[in-house]
Amino acid sequence: MGMNVGSGSGDEDEVVSAINTTPLVDVMLVLLIIFLITIPVVTQTVPVKLPEEDNIALQTKPENIEIAVNKDGDIFWNTALVPDNNALFEKLKAVAVLNPQPEVHIRGDQNARYESIGRVMFQCQRANILKVSFITEPPPKG
C-alpha cells in the first residue's frame, strides 16, 4: 500500500523553473564585506588643514603700480603707453630700489595672449619686483 505525497502527477523528475539566488546573494555579501574592509585602507591621507578660499579686497595705495595689457598686447604704465619691453624694464628697475618697494598690479585683458602677460611678468622678475599680483573681476554673487 503506497501513499502519494505531493502534486499527484507521479513524475519525480520535474524541471524547476525558479532561479536559485542563494549563491548570488552569498557572493554579493562577501564582495560587500571585502569592499567595506579595503576602502578605509586605500583612502588614508595625511591630515592637513586646507586653506579656505577668500578674496582680499584691493587696497589701492598711491605707490602701487598698475600695468595694463590690452588685447593687442600693448602695455600701459598706469595710463601711459610703454613703447617696448626695455622701457618697461627700465621703469620697473627704477621703482624696484624704492623702500618700501611698491606692488605691481597687472590688469590683463581676457582676450590678450598669454605671451603678452608673460613678458610683463618676466620684466618684473628681471627687475627684482617682489610683489606682483593680478587684478580680476570679482565672481558673480548669487
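Above this text you will find the structure in question.
Bear in mind the structure is a predicted one, so any value in this text is a computation, not a measurement.

Can you walk me through the nonpolar core in this structure?
Ile67, Trp77, Leu88, Leu92, Val104, Val120 and Ile129 are the most contacted members of the largest nonpolar core, which has 19 residues in total. Among the secondary structure elements, those contributing two or more residues to this core are strand E1 (65-69), strand E2 (75-77), helix H2 (85-96), strand E4 (104-108) and helix H3 (114-126). Sorting elements by how many residues they give to this core places H2 first, with five residues. Excluding its chain neighbours within four sequence positions, the residues that come into contact with Leu92 are Ile67, Trp77, Val104, Gln123, Cys124, Ala127 and Ile129.

Just to check I follow, could you spell out the pattern of salt bridges for this structure?
A side chain of one charge can pair with a side chain of the opposite charge if their charged atoms are brought near each other. One pass over the full model with this rule turns up five salt bridges. A salt bridge links Glu90 to Lys93; the shortest N-O distance between them is 3.7 Å. With Glu90 and Lys93 both in helix H2 and three residues apart, this pair spans about one turn of that helix. Given the relative accessible area of 43%, Glu90 is considered partly exposed. Between Glu115 and Arg119 there is a salt bridge, and its shortest N-O distance comes to 3.8 Å. Of the two residues, Glu115 and Arg119 are both situated in helix H3; the distance of four residues between them amounts to about one turn of the helix. Here the salt bridges share partners, and the residues they tie into one network are Arg113, Glu115 and Arg119.

I'm lost on the packing of H2 against H3 in this one. Help?
Each packed pair of helices is defined by two parameters, the angle between the axes and the distance between the axes. Across the interface, H2 lies against H3 with an axial gap of 9 Å and an inter-helix angle of 40 degrees. Taken together, the axes of H2 and H3 lie oblique to each other. At the point where H2 passes H3, the crossing takes the right-handed sense. Of the residues in H3, those in contact with Asn85, Leu88, Phe89 and Leu92 of H2 are Arg119, Val120, Gln123, Cys124 and Arg126.

What should I look at first to understand the packing of aromatic side chains in this one?
Each aromatic ring pair is characterised by the separation of its centres together with the angle its planes make. A full pass over the atoms with the stated rule returns zero aromatic pairs. Above the plane of the ring of Phe89 lies Arg126, whose end atom (NZ or CZ) is 3.9 Å from the centre.

I'm lost on unusual backbone geometry in this one. Help?
Backbone geometry follows two general trends: most residues other than glycine have a negative phi, and most peptide bonds adopt the trans configuration. Put simply, Asn99 and Pro100 share a cis peptide bond, and its omega is 0 degrees. In this structure, Pro100 sits in the loop between H2 and E4. With phi around 55 degrees, Asn78 is a residue other than glycine that occupies positive phi space.

The rules behind the values
- Residue numbers run consecutively from 1 along every chain, following the written order of its sequence.
- Restriction of local features to residues with pLDDT of at least 70 applies here, the model being predicted, together with a cutoff of 80 or more for giving and counting side-chain atom pairs; totals for whole chains, interfaces and linings are based on all residues.
- For the side-chain quantities, the full set of heavy atoms in the structure was used; hydrogens and water were omitted.
- Residues enter a nonpolar core if they are buried and are Ala, Val, Leu, Ile, Met, Phe, Trp, Tyr or Cys, with the set joined through side-chain atoms within 4.5 Å.
- Burial status follows relative accessibility: with a 1.4 Å probe on protein chains alone, a residue under 20% of its type maximum counts as buried, one over 50% as exposed, and anything between as partly exposed.
- Per the convention used, a helix needs a DSSP run of H or I reaching at least four residues, while a strand needs a run of E reaching at least two, with both numbered from the N terminus.
- Should any heavy atoms of two residues lie within 4.5 Å, those residues are considered in contact.
- We define a salt bridge as a side-chain nitrogen of Lys or Arg found within 4 Å of a carboxyl oxygen belonging to Asp or Glu.
- Structural elements are reduced to axes, namely lines fitted to C-alpha atoms, with helices fitted over the stretch in contact, and the angle between N-to-C directions of any two is expressed from 0 to 180 degrees.
- An angle counts as roughly parallel when it lies under 35 degrees, as roughly antiparallel when it exceeds 145, as roughly perpendicular when it falls between 65 and 115, and as oblique in every other case.
- Left-handed describes a crossing whose near helix is turned anticlockwise from the far helix through less than a right angle; right-handed describes the clockwise counterpart.
- When the centres of two rings from Phe, Tyr and Trp lie within 6.5 Å, Trp using its six-membered ring, the rings pair. Their planes under 30 degrees apart give stacked, over 60 give edge-to-face, and anything left gives tilted.
- In this scheme, Lys NZ or Arg CZ marks a charge over a ring once it lies within 6 Å of the ring centre and within 35 degrees of the ring normal.

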